[in-house]
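Here is how the chains run, residue by residue.
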Amino acid sequence: MLNMAEMKRDIAVIMGSQSDYDTMVYAVDMLKALEISHDIFVISAHRTPERLFNFARSAQEKGFKVVIAGAGGAAHLPGMVASLTYLPVIGVPVRSKELNGLDSLLSIVQMPKGVPVATMSIGESGAYNAAITAASILSISNNKITDRLKRWREKQTEAVKEKPTL
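Note on numbering: residues in each chain are counted from 1, in written sequence order. Local features in a predicted model are, by the rule used here, given only for residues with pLDDT of at least 70; side-chain atom pairs are given and counted only at 80 or more, and totals for whole chains, interfaces and linings are based on all residues. To get the side-chain values, all heavy atoms of the structure are used, and hydrogens and water are removed first.

**Structural notes on the overall build of the protein chain**
Moving on, step 1. Strands here mean DSSP runs of E at least two residues long; helices mean DSSP runs of H or I at least four residues long; both are numbered from the N terminus. When helices and strands are counted, the protein chain shows 6 helices and 5 strands.
Moving on, step 2. Mapped from its N terminus to its C terminus, the protein chain presents α and β elements in the order β-α-β-α-β-α-β-α-β-α-α.
Moving on, step 3. Scaling as 2.2 N^0.38, a compact globule of 166 residues should have a C-alpha radius of gyration of about 15 Å, and the protein chain matches this with 16 Å.
Moving on, step 4. Evaluated residue by residue, the protein chain yields a buried proportion of 44% over its 166 residues.
Moving on, step 5. The criterion used for residue contact is that any of the two residues' heavy atoms lie within 4.5 Å. Taking the contacts inside the protein chain whose residues are at least 6 apart along the sequence as the reference set, 66% of them involve residues at least 24 apart.
Moving on, step 6. Accessible surface area values rest on a Shrake-Rupley calculation with a 1.4 Å probe, where residue burial reflects the displayed protein chains alone. Counting only carbon and sulfur atoms, one obtains 54% of the accessible surface of the protein chain, whose full area is about 9,900 Å².
Moving on, step 7. Within the protein chain, the 16 negative side-chain charges are centred at a point lying 3 Å from the centre of the 19 positive side-chain charges. The size measure is the radius of gyration over C-alpha atoms, and the globule rule it meets is 2.2 Å times the number of residues to the 0.38 power. Residue burial is assigned from relative accessible area. The probe radius is 1.4 Å, only protein chains are included, and a residue is buried under 20% of its type maximum, exposed over 50%, and partly exposed in between. Neither His nor the chain ends contribute to the count of charged residues, in which Lys and Arg are positive and Asp and Glu negative. By convention, the charge on Lys lies at NZ, on Arg at CZ, on Asp at CG and on Glu at CD.

**Side note on the sheet that holds strand β1 (residues 11–15)**
Moving on, step 1. Pairing between two strands requires that DSSP report at least two bridges joining them. Strands sit in the order β2-β1-β3-β4-β5 across an open sheet of 5 strands; the sheet is parallel. Unpaired on one side and paired on the other, β2 (38–42) and β5 (118–119) mark the two borders of the sheet.
Moving on, step 2. Where strand β4 (residues 89–93) and β5 come together, 2 bridges link them in parallel fashion. Pairing of Ile-90 across the sheet is with Ala-118, part of β5.
Moving on, step 3. Taken strand by strand, helix α4 (residues 102–109) contacts β3 (66–71), β4 and β5, and its axis lies near 160° from that of β4. To get an axis, fit a line to the C-alpha atoms, keeping to the stretch in contact for a helix; angles then go from 0 to 180 degrees between the N-to-C directions.

**What to know about the layout of surface pockets**
Moving on, step 1. In this structure, the largest pocket spans a volume of roughly 320 Å³.
Moving on, step 2. Taken together, the residues that form the lining of the largest pocket break down as 6 nonpolar, 9 polar and 3 charged. Buriedness for pockets is judged along seven lines, at least five of which must meet protein on both sides within 12 Å for an open set on the 1 Å grid over protein atoms alone, while cavities are sets there where a 1.4 Å probe fits but cannot get out, and lining residues have an atom within 4 Å of a point. Grid points are joined across faces, edges and corners, and a volume is the space filled by probe spheres set on the points. Any residue that is not Ala, Val, Leu, Ile, Met, Phe, Trp, Tyr, Cys, Pro, Asp, Glu, Lys or Arg is counted as polar, Gly included; the first ten are nonpolar and the last four charged.

**Digging into the packing of aromatic side chains**
Moving on, step 1. The rule is short: rings of Phe, Tyr and Trp, with Trp giving its six-membered ring, pair when the centres are within 6.5 Å, and they are stacked under 30 degrees, edge-to-face over 60, tilted in between. One pass over the structure, following the stated rule, counts 4 aromatic pairs.
Moving on, step 2. On the numbers, 6.1 Å between centres and 85° between planes, the contact of Phe-41 with Phe-64 is edge-to-face. Taken together, the positions of Phe-41 in strand β2 and Phe-64 in the loop between α2 (49–58) and β3 put the pair 23 residues apart, joining distant regions of the chain.
Moving on, step 3. Cluster of aromatic residues (ring-pair linked, three or more members): Phe-41, Phe-55 and Phe-64.

**Digging into the pairing of β4**
Moving on, step 1. Counting buried residues along β4, 5 of its 5 residues qualify, which places the element largely inside the surrounding structure.
Moving on, step 2. Here β4 shows no split at all, with Val-89, Gly-91 and Pro-93 on one side and Ile-90 and Val-92 on the other all buried.
Moving on, step 3. When the strands point away from the viewer and the path from the first strand over the helix to the second turns clockwise, the crossover is right-handed. As for the winding sense of the linkage, the β-α-β connection from β3 through helix α3 (residues 77–84) to β4 is right-handed.
Moving on, step 4. Between β4 and its parallel partner β5, the chain crosses via α4, and the hand of that crossover is right-handed.

**Considerations on unusual backbone geometry**
Across residues other than glycine, the phi torsion is negative in most instances, and most of the peptide bonds are trans.
Moving on, step 1. In this structure, Glu-35 is a non-glycine residue whose phi angle is positive, near 55°.
Moving on, step 2. By the element assignment, Glu-35 lies in the loop between α1 (21–33) and β2.
Moving on, step 3. The phi dihedral of Ala-75 falls on the positive side, at around 55°, and the residue is not glycine.
Moving on, step 4. Along the polypeptide, Ala-75 turns up in the loop between β3 and α3.
Moving on, step 5. Taking the relative accessible area as the measure of exposure, Ala-75 reaches 4% and is therefore buried.

**Concerning the pairing of β2**
Moving on, step 1. Here β1 runs beside β2; their pairing, made up of 5 bridges, is parallel. Among the inter-strand pairings, Ile-11 is bridged to a residue of β2, identified as His-38.
Moving on, step 2. The parallel pair β1 and β2 is bridged by α1, and the resulting crossover is right-handed.

Purely geometric stuff here, so don't read any function into it on its own.
Here it is, written out as structure tokens:
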């Protein structure tokens, strides 16, 4: 029997610093709600480049199928990971103090031709939607995830009232 450390996870949720977890927790919570296996790592493109290279080059052989990468400021993490792996990378721009996340968004969305990063909106909504996007990617080949995603969307639809409460 595999122990938890040896289990293959579907999604890697990575972020540039511990402070980014305040945003990336929305992706983690959504993955939990959809019962999708995941692991979480802090990997800085600038402060831990060896960790970045080791992670990105081995992510697929470790069983990950999608990477959700959150980063603020210069936000090089998603693009660097995308340049080193063939897995789909979903970028989440984290709000920054200086430019409120616009710098993060532009750094992630303006990838050069040939190194794609699927880019979400800035902040909490982007992290939340990154998890749903990752689930949609996995649902192509996993009927259990398809069913959970369908049920989640049905609940979301049912929660929208036809008339406002007055």
